[in-house]
Amino acid sequence: EAQVTQNPRYLITVTGKKLTVTCSQNMNHEYMSWYRQDPGLGLRQIYYSMNVEVTDKGDVPEGYKVSRKEKRNFPLILESPSPNQTSLYFCASSSRTSGSVNTGELFFGEGSRLTVL
Amino acid sequence: GENVEQHPSTLSVQEGDSAVIKCTYSDSASNYFPWYKQELGKGPQLIIDIRSNVGEKKDQRIAVTLNKTAKHFSLHITETQPEDSAVYFCAASNPKGFKTIFGAGTRLFVKA
């Protein structure tokens, strides 16, 4: 079954304690992206990756890091989480390529709800 | 910067009625406009999309219209059913970049 898998689905942590949210897709997609969803703000892009070792900032990258060492995995790293990073996070992948960079369906994971105390 | 405004934020309709959600985008270079449906506890899922060379697209009970001059696009759901209850997001993206800008979402309630 084609899917995007995120872990953990739920996490409560404390300020400053480094954490990683993993994301894996089995569709051989080149494009992967992270979004955060907050009430009244919709989905805002944090980082995206067009391919292995190619990543770039989205609209709200502050406080986050990503890496893309393998095509299927795109972890989101919070080096020193703060309460304003409490949010619902979604990873997505797409078959969009450098030839059609902005079109193509985004396949989303089921979300990771993070609470930073 | 680029922006997508979506209205209304909440919409309640009776089963069988139609629902309309409207979005306005700011970047005139945008050429791809997808709509996503998010059910409770799930990630968003694409339900329909439209490209800027098309004015309208239909898929069974859902349709999307695009007015490029006004930078405005809308989602129309006819004969609504309780399973249509969800949060709907519009989005826009342009060919110069890799971003998809989402609206704030509309929570649709369909009352049986």
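Chemist: I'd like a rundown of the packing of aromatic side chains, residues and numbers included.
Modeler: Under the defined criterion, the tally for this structure stands at 13 aromatic pairs over all chains. Geometrically, the ring pair formed by B:Tyr36 and B:Phe102 is tilted, given 5.8 Å between the ring centres and 55 degrees between the ring planes. Here B:Phe102 lies in strand β10 (residues 101-102) and B:Tyr36 lies in strand β4 (residues 32-38), a separation of 66 residues in the sequence. We classify B:Tyr36 as buried; its relative accessible area is 1%. On the accessibility criterion, B:Phe102 (5% relative accessible area) is buried. Feature note: the residues A:Tyr35, A:Phe90, A:Phe108, B:Tyr36, B:Phe89 and B:Phe102 constitute an aromatic cluster, connected by ring pairs.

Chemist: Outline the sheet that holds strand β3 (residues 19-25) of chain B, supporting the account with residue identities and numerical values.
Modeler: All names here are of chain B. Strand order in the open sheet formed by five strands is β1-β3-β8-β7-β6, with antiparallel pairing between adjacent strands. Each edge of the open sheet is held by one strand with a lone partner, namely β1 (4-7) and β6 (56-59). Going from strand to strand, the sheet's axes swing by 15 degrees on average, the running direction of each strand aside. Judged from the four bridges that link them, β6 and strand β7 (residues 62-67) form a sheet pairing that is antiparallel.

Chemist: Before we move on, could you go through the pairing of strand β8 (residues 72-77) of chain B and cite the residues and values that matter?
Modeler: Residue and element names in this part refer to chain B. Pairing analysis gives six bridges linking β3 to β8, with the strands arranged antiparallel. The residue bridging isoleucine 21 from the neighbouring strand is leucine 75, located in β8. In the sheet, β7 pairs with β8 via six bridges, with the strands oriented antiparallel. Looking at β8, one finds that asparagine 67 is bridged to histidine 72. Counting the residues that bridge the hairpin from β7 to β8 gives four residues, and of these lysine 71 lies at a positive phi of roughly 55 degrees.

Chemist: Give me the pairing of β4(B): which residues, what numbers.
Modeler: Residues and elements named next belong to chain B. The buried fraction of β4 amounts to seven of the seven residues, a majority that puts the element mostly inside the structure. The side-chain alternation of β4 yields two buried faces, one formed by Tyr32, Pro34, Tyr36 and Gln38 and the other by Phe33, Trp35 and Lys37. As paired strands, β4 and strand β5 (residues 45-51) are joined by six bridges and run antiparallel to one another. Following the sheet pairing, phenylalanine 33 is matched in β5 by isoleucine 50. Here β4 hands over to β5 after six residues, with glycine 41 in that stretch at a positive phi of 75 degrees. Here β4 runs beside strand β9 (residues 86-92); their pairing, made up of four bridges, is antiparallel. Counted as the bridge partner of glutamine 38 is valine 87 from β9.

What counts, and where the lines are drawn
Residues numbered from 1 in each chain as written. Chains lettered and ligands numbered in written order. Predicted model: local features only at pLDDT ≥ 70, side-chain atom pairs only at ≥ 80, totals over all residues. Heavy atoms only, no water. Phe/Tyr/Trp six-rings, centres within 6.5 Å; stacked < 30°, edge-to-face > 60°. Helix = DSSP H or I, 4+ residues; strand = E, 2+ residues; numbered from the N terminus. Buried < 20%, exposed > 50% of the residue type's maximum accessible area, 1.4 Å probe, protein only. Pairing = 2+ DSSP bridges. Axes fitted to C-alpha atoms, helices over the stretch in contact; angles between N-to-C directions.

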